[in-house]
Amino acid sequence: MNLCSNLPLADPSLPNLGSSYVLSSLKTIHLDGHFNFDNIYHAANDFGNRHHYLPLAILHPKSVSDISSTIKHIYEMGPATELTIAARGHGHSLQGQAQAHRGVVINMESLQGPKTIVHTGKMPYADVSGGELWINILHESLKHGLAPKSWTDYLHLTVGGTLSNAGISGQAFRHGPQINNVYQLEVVTGKGDIITCSETQNADLFYGVLGGLGQFGIITRARISLEPAPKMVKWIRVLYSEFSIFSKDQEHLTSFKNSFDYIEGFVIINRTGLLNTWRSSFNPREPLQASQFNSDGRTLYCLEMAKYFNPDETHIVNQVIESLLSELSYIPSTLLLSEVPYVDFLDRVHVSEIKLRAKGLWEVPHPWLNLLIPKSRIHDFAKEVFGNILRDTGNGPILIYPVNKSKWNNRTSLVTPQEDIFYLVAFLSSAVPSSTGTDGLEHILTQNERILDFCEGARLGMKQYLPHYSTQDKWQAHFGPKWEVFVKRKSKYDPLAILAPGQRIFQKATPFSWSRILA
């Protein structure tokens, strides 16, 4: 177990309560659910599969009051114990963010209470549990002909998990991230208080929690904005050999209203038989030319687009797509088309998960790196990273697409580059266990460090998405002008720094120590 040495320690000047006392104390809490003190090892794992911190206990709550009572109990114990709390959803953190070393992990998927409740009308919404999976919300809302507006590429994630970060996918250029499509939250703070918040009620907590990395409270319910759901999707891929043309077309498509409904892209370096591997899901418009297309040894850029529609709109949507495609400068022989049900398109990554699990390739290390790059520097980034640092993309996909900051609410805790348009660049690598080659963990981590070093040295103005830093100075640099507000909110809503210790932003402290952090 990698019980990391840079985890914060309790203040040695304070009396420390032993683990046996702490365990006995937890057993006195009246709960609707229960604690588990024995079968706790899975809570020391996550999707990143690199960091493993063993908790003392796992809470399986049946009610919000279970979460509140547990936090209150630990808060009232004060700084005499190093006990902390982490909310765990579906376990998709990358670097131990949802773990609590010698603390309590809350299994949010155990949380019971009202299930997803869909409200129709002029501004439809769904009231959902913070531990609910997005895939389940999709299926429930579709019963009413509705669906959330903004997604992640993978839907088997919890609402509380994505809203604590941002929730970004190819719809973000139009609707903003998921944190921009929330009307209301129910939050349990680091004092154990249960607070309902929105833009007009307890707004400081509302905006703090959205993108707040779990630092100010645990999201137990959310009110999600919905829109009429289509039944079908036209799914399209085209290739480019020049990054400048590719990025110009991406920026063009994301700049106006009547464009595609989903726009992403990815980078392909030195892949053999690329178009043929996609033909199981896509049909080339020009089969002969597509079969002759050679991707060997080349750096290519794929623009991926989707247009939503209903069957009675097929003729009109085909005309719209033809018009949009006519404005682009892709390689003509690489146009690939597919038509799939809306649910199948949104849940497309789960199909890959099933295949990888069957091969034993899902529960491997995932040293992912997610960056937000300003538009003015994206060409410098692409030239160095795709031209020099990377030699192939065999370890996993590299996503790249622009988003418009005007669709993002700057009052949330999420940090983005200063410019109006910036790119998400996601290196979604999987490492082969025990390998010492280019598909091994050490090689990929070294590659990630080279990318980060370049961004810092070239002063690109980059910000990490799903950030991870080991020192408070680096966290302060990450938040920049937002740091002071972030610290004040922490002092207000979680003064003992009980929540989300795996983020390694704050260490459990006495209430009066916040002034030292701001000094």
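Parameters at a glance
Residues numbered from 1 in each chain as written. Predicted model: local features only at pLDDT ≥ 70, side-chain atom pairs only at ≥ 80, totals over all residues. Heavy atoms only, no water. Helix = DSSP H or I, 4+ residues; strand = E, 2+ residues; numbered from the N terminus. Rg over C-alpha atoms; globule rule 2.2 N^0.38 Å. Buried < 20%, exposed > 50% of the residue type's maximum accessible area, 1.4 Å probe, protein only. Contact = heavy atoms within 4.5 Å. Areas by Shrake-Rupley, 256 points an atom, 1.4 Å probe, with all protein chains shown as cover. Lys, Arg positive; Asp, Glu negative; His and termini not counted. Charge placed at Lys NZ, Arg CZ, Asp CG, Glu CD. UniProt positions renumbered as here; feature names shortened; annotations may be inferred. Pairing = 2+ DSSP bridges. Axes fitted to C-alpha atoms, helices over the stretch in contact; angles between N-to-C directions. 1 Å grid on protein atoms, 1.4 Å probe; cavity = no way out; pocket = protein on both sides within 12 Å on 5 of 7 lines; lining within 4 Å. Points joined across faces, edges and corners; volume = space filled by probe spheres on them. Phe/Tyr/Trp six-rings, centres within 6.5 Å; stacked < 30°, edge-to-face > 60°. Lys NZ or Arg CZ within 6 Å of the ring centre and 35° of its normal. Salt bridge = Lys/Arg side-chain N within 4 Å of Asp/Glu carboxyl O.

Enquirer: I'm lost on the overall build of the chain in this one. Help?
Expert: Helix and strand content of the chain: 17 helices and 19 strands. The globule rule puts the C-alpha radius of gyration for 519 residues at 24 Å, and the 23 Å found for the chain is close to it. For the chain, the spread of C-alpha atoms along the principal axes amounts to about 75 × 55 × 45 Å. Residues counted as buried form 58% of the 519 residues belonging to the chain. Of the contacts formed within the chain by residues at least 6 apart in sequence, a portion of 76% connects residues at least 24 apart. Surface exposure of the chain reaches about 22000 Å², of which carbon and sulfur atoms provide 50%. If you average the places of the 47 positive and of the 47 negative side-chain charges in the chain, the two averages end up 3 Å apart.

Enquirer: Honestly, the UniProt feature "domain: FAD-binding PCMH-type" (unreviewed entry) in the chain in this entry has me stumped. Any pointers?
Expert: Under the local residue numbering, the UniProt record ascribes the feature "domain: FAD-binding PCMH-type" (unreviewed entry) to residues 51–229. Note that residues 51–229 is 22% helix and 27% strand, and that its end C-alpha atoms are spaced 39 Å apart.

Enquirer: In this structure, what is going on with the sheet that holds strand β14 (residues 299–309)? I would like to understand it.
Expert: Adjacent strands of a sheet form backbone hydrogen bonds with each other and so pair up, either parallel or antiparallel. Taken together, nine strands build an open sheet; the order of strands is β13-β15-β11-β14-β12-β17-β18-β16-β19 and the sheet is antiparallel. The sheet terminates laterally at β13 (283–284) and β19 (463–464), the two strands that pair on one side only. Sheet topology places strand β17 (residues 398–404) next to strand β18 (residues 421–427); seven bridges connect them, and they run antiparallel. Bridged to L399 within β18 is A426. In the packing of helix α13 (residues 378–389) onto the sheet, the strands contacted are β12 (262–269), β14, β16 (369–374), β17 and β18, and the crossing angle to β18 comes to about 20 degrees.

Enquirer: Would you take a moment to explain the layout of surface pockets for this structure?
Expert: Rolled over the atoms, a probe as big as a water molecule pinpoints where empty space is left. Put simply, the second largest pocket is a space of about 920 Å³. As for the second largest pocket, its lining consists of 34 residues, and the residues nearest its centre are L452, Q464, H468, Y469 and K474. Elements that contribute at least two residues to the lining of the second largest pocket include exactly β16, α14 (441–457), β19 and α15 (472–479). When residues in the lining of the second largest pocket are grouped by element, the largest group, seven residues, is from α14.

Enquirer: What exactly am I supposed to notice about the packing of aromatic side chains here?
Expert: To describe a pair of aromatic rings, you give the distance between the ring centres and the angle between the ring planes. Scanning the entire structure with this criterion turns up 30 aromatic pairs. A centroid spacing of 6.5 Å and a plane angle of 65 degrees characterise the contact between Y308 and F345, whose relative ring orientation is edge-to-face. Of the two residues, Y308 sits in strand β14 while F345 sits in helix α11 (residues 342–346), which places them 37 residues apart along the sequence. In this structure F345 comes out as buried when scored by relative accessible area, which is 0%. Seen from their ring centres, F486 and F506 are 6.1 Å apart, and the 15 degrees between their planes marks the pair as stacked. Residue F486 is located in helix α16 (residues 483–493), and its partner F506 is located in the loop between α16 and α17 (514–518); the two are separated by 20 residues in the primary sequence. Exposure class is identical for F486 and F506. Each is buried. In this structure an aromatic cluster arises from ring pairing among F216, Y469, W475, F479, W483, F486 and F506. For K27, the ring lying beneath its charged end belongs to F37, and the centroid distance is 5.3 Å.

Enquirer: Help me understand the pattern of salt bridges, please; the structure alone is not making it clear to me.
Expert: When the charged atoms of two side chains with opposite charge come close together, those side chains can pair. Within the structure shown, the criterion is met by 15 salt bridges. The residue D153 makes a salt bridge to R348 at a minimum N-O spacing of 3.0 Å. Of this pair, D153 sits in the loop between β7 (146–148) and α4 (159–163) while R348 is found in helix α12 (residues 348–358), placing the two residues 195 residues apart along the sequence. On the accessibility criterion, D153 (16% relative accessible area) is buried. Taking the relative accessible area as the measure of exposure, R348 reaches 13% and is therefore buried. Residues R357 and E353 are paired through a salt bridge, measuring 2.8 Å at the closest nitrogen-oxygen approach. Note that R357 and E353 are positioned in helix α12 at a spacing of four residues, about one turn of the helix. Judged by its relative accessible area of 43%, R357 falls in the partly exposed class. Using a relative accessible area of 5% as the deciding quantity, one classes E353 as buried.

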